[in-house]
Amino acid sequence: LLLSLLFLALLWRSRSKQSQPSRLPPGPAPWPFVGSLLHVDLKQPYRSYLKLSQQYGPVFTVWLGSKPVVVLSGYRTLRDAFVSQGEEFSGRANYPILQKVTDGYGVLVSSGDRWKELRRFSIMTLKNFGMGRRSIEERIQEEAKCLVNAFAEHGDSAFNPKFLLCNAVSNVVCSIVFGKRFDYHDSQFKSLLNVIDNYFTFLSSSRGQLYNMFPRVFERLPGPHHLALGGVRRLRELIREEALRRLGDLNADEPRDYIEAFLVKMQEEKHNPNSTFNYDNLTSSVWNLFSAGTETTSSTLRHTLLLMQKYPNVQARIQKEIDEVIGPLRSPTAQDRQNMPYTDAVVHEIQRSLDLSPTSVPHKVLKDTEFKGYTIPQGTMVIPLLSSVLSDPELWKHPDTFDPENFLDEKGSFKKNDAFLAFGLDSGKRVCLGEGLARMELFLFFTSLLQKFTFTGTEPPEQIETNPQYCSFGRMPRTYQCYARLRA
Ligand code: HEM
């Protein structure tokens with residue numbers, strides 16, 4: 001029976017090879033049911049894609065179960081697709097894990113006109129509630145002070161900084177979205193942060209990749225996905241309840257945060273049955289901002305502090321720059337970055353070498369698209385392999401190691417590199433909409449912490465392992481214990 005099944009699978013595979021739409025980019029022939037599963041390492045799919053791109057070129061096809069997925073690699077190819085043909089490539093793919101927790105609503109997973117409206121609204125509102133009344137810079141500075149105090153409470157004991165970093169970063173986005181920050185001892189908020197953590201851990205694990213291939217099968221099986229995905233659904237219900245509570249005392253002339261601004265927009269458009277501004281898009285967009293705004297930046301900071309333990313010389317050089325430019329007393333400001341080329345280079349290099357989002361968030365083409373001599377059918381998922389650019393030996397002096405020299409010129413000035421795509425393509429339509437906020441947070445939290453503390457590990461630097469813990473959808477940094485010693 002097994003031999004017959006194998007024979008049928010081989011027959012199907014060779015037939016499907018012949019009958020593949022001839023103008024779809026090349027790639028390994030798929031197997032029935034499992035597609036390209038045998039060619040992709042689920043623990044680190046981006047590595048398999050890097051290998052396949054050497055074999056098939058910068059545009060190739062893999063199969064997610066029975067669905068084709070086009071992978072794009074290399075700076076030129078990504079620019080040609082997401083900038084030169086940006087409109088066609090601007091759709092968001094139906095990625096099962098993202099769909100499951102959003103039901104297809106919200107700024108992150110929408111496409112077409114609905115996405116454009118939500119994106120415009122979100123960018124404007126982040127700006128109004130961030131830069132307006134009390135500047136976002138002031139909020140981050142205040143939060144950084146709270147974080148410094150919380151670190152200092154650990155005195156000479158080793159501790160795991162993960163949760164404190166998460167809470168601090170999250171508080172910045174919470175102040176914009178929910179209009180308030182949460183105390184580091186608030187256990188209810190801690191459980192919400194756990195929901196985000198469980199979700200991203202699942203998303204970045206090999207099980208998450210398998211779920212994406214066979215969502216219907218997984219739905220019927222017991223496993224950690226129910227906890228991870230169910231948690232997000234409950235969190236979205238809480239967001240909805242919060243929005244309903246706000247309706248009672250909503251002041252249309254003076255909304256106080258993102259939720260209230262969204263409700264005002266809903267009221268303005270209440271006679272339009274097709275309006276984008278409804279509860280489904282409200283709850284999912286809030287979830288998108290809350291989760292993306294928490295996990296990405298806090299993970300990067302966690303990795304940053306680990307690298308400081310691993311490279312004490314880099315840490316000392318940054319502290320020297322802090323002492324010269326900022327001194328020991330005043331809070332770091334966003335403006336200081338211009339006078340701190342070394343620190344600026346280190347922050348960029350941390351993001352480049354971490355490669356937090358190696359395959360970005362999958363896109364789809366909005367119509368049949370001619371690209372590099374191939375035809376990509378409407379709706380096909382397209383993966384921008386950001387990793388291929390962030391580690392391209394032709395674009396970086398030291399592509400495979402952590403080395404701030406990648407962003408410094410001979411005179412020690414900061415050197416911009418257009419291939420720095422940690423946030424997606426900067427002139428691409430779907431580039432991260434929290435980029436400005438994230439960059440400010442990374443600089444201000446990092447310099448505030450190094451102004452006050454020196455970080456050391458629980459083992460000698462040469463034994464500290466810095467490779468991320470999970471490496472599929474996201475490269476999630478390790479958790480660890482460290483010492484934060486107050487500087488003299
Ligand atoms: C999208 C990276 C911080 C909100 C993205 C994308 C990447 C990314 C690679 C996908 C771009 C694409 O589809 O082509 C990062 C990194 C961050 C970060 C590395 C921090 C280190 C943030 C923050 C927020 C945020 C702080 C929220 C305030 C979003 C949203 C999208 C997005 C809503 C979807 C945009 C859209 O579909 O139009 N981010 N991000 N991100 N990010 Fe970020």
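Not measured: the values here are computed from a predicted model.

(A) Representation of the coordination of the iron atom of the ligand in the model. You will see that the iron atom of the ligand has only one donor from the protein, Cys432 (SG), lying 2.3 Å away. Turning to its location among the elements, Cys432 is positioned in the loop between α16 (386-390) and α17 (435-452).

(B) Layout of the sheet that holds strand β1 (residues 59-64). What the five strands build is an open sheet, ordered β1-β2-β7-β4-β3; its pairing is mixed. Only two strands of the sheet have a single partner each, and these edge strands are β1 and β3 (91-92). As judged from the five bridges shared by strand β2 (residues 67-73) and strand β7 (residues 381-385), these two strands associate in the parallel manner. Counterpart to Val70 in the pairing with β7 is Val382. Across the face of the sheet, helix α3 (residues 75-84) comes into contact with β1, β2, β4 (363-364) and β7 while running at roughly 120° to β2.

(C) Just helix α12 (residues 258-268), in detail. Among the eleven residues in α12, eight count as buried, and that is most of the element. Listed in full, the buried residues belonging to α12 are Tyr258, Ile259, Glu260, Ala261, Phe262, Leu263, Val264 and Met266. For α12, the capping residue at the N-terminal end is Asp257, with a side-chain oxygen 3.2 Å from the backbone nitrogen of Ile259.

(D) The arrangement of the environment of Gly155 in detail. Here Gly155 lies in the loop between α6 (136-152) and α7 (162-177). It is 7.2 Å that separates the C-alpha atoms of Gly155 and Arg485, two residues lying 330 residues apart in sequence.

(E) Up close: empty space enclosed by the protein. With the rule as written, the count across this model stands at three cavities of 30 Å³ or more. Reported here for the second largest cavity is a volume of approximately 170 Å³. Contributing to the lining of the second largest cavity are 19 residues, with Tyr49, Leu64, Tyr95, Gln209 and Ile383 lying nearest its centre. Contributions of two or more residues to the lining of the second largest cavity are made by α2 (45-56), β1, α9 (206-213) and β7.

(F) Expanded view of the side chain of Asp355. Note on placement: Asp355 falls in the loop between α15 (341-354) and β4. One buried charged residue, Asp355, remains without a salt bridge, the closest side chain of opposite sign being Arg475 at 4.4 Å. If we skip the residues at most four places from it in the chain, Asp355 touches Tyr46, Ser387, Leu390 and Arg475.

Conventions we followed
Along each chain, the written sequence defines residue order, and numbers are assigned to residues from 1. Owing to the predicted nature of the model, reporting of local features is limited to residues with pLDDT of at least 70; listing and counting of side-chain atom pairs is limited to 80 or more, with chain, interface and lining totals taken over all residues. To get the side-chain values, take all heavy atoms of the structure and skip hydrogens and water. Donor atoms (N, O, S) are those found within 2.8 Å of the metal centre, with the cutoff raised to 3.2 Å for Na, K and Ca; water is not part of the atom list, so apparent gaps in a site can occur. In DSSP terms, a helix is any run of H or I states spanning at least four residues, a strand is any run of E spanning at least two, and both are numbered starting from the N terminus. In this scheme, strands are said to pair when DSSP sees at least two bridges between them. Here a residue-residue contact requires only that any non-hydrogen atoms of the pair lie within 4.5 Å. Axes, fitted as lines to C-alpha atoms, cover a helix only where it is in contact. Angles between the N-to-C directions of the axes lie from 0 to 180 degrees. Only protein chains enter the accessibility calculation, which uses a 1.4 Å probe. A residue is then buried if its area is under 20% of the maximum for its type, exposed if over 50%, and partly exposed in between. Counted as a polar contact is a pair of N or O atoms within 3.5 Å, where, for protein atoms, one must be capable of donating a hydrogen and the other of accepting one, and residues adjacent in sequence contribute only when both atoms are in side chains. The distinction between a cavity and a pocket rests on a 1 Å grid over the protein atoms alone: a 1.4 Å probe fits inside a cavity but cannot get out, while a pocket stays open yet meets protein on both sides within 12 Å along at least five of seven lines, and a residue with an atom within 4 Å of a point counts as lining. Grid points are joined across faces, edges and corners, and a volume is the space filled by probe spheres set on the points. Counting rule applied: Lys, Arg positive; Asp, Glu negative; His and chain ends not counted. The term salt bridge refers to a side-chain nitrogen of Lys or Arg lying within 4 Å of a carboxyl oxygen of Asp or Glu.

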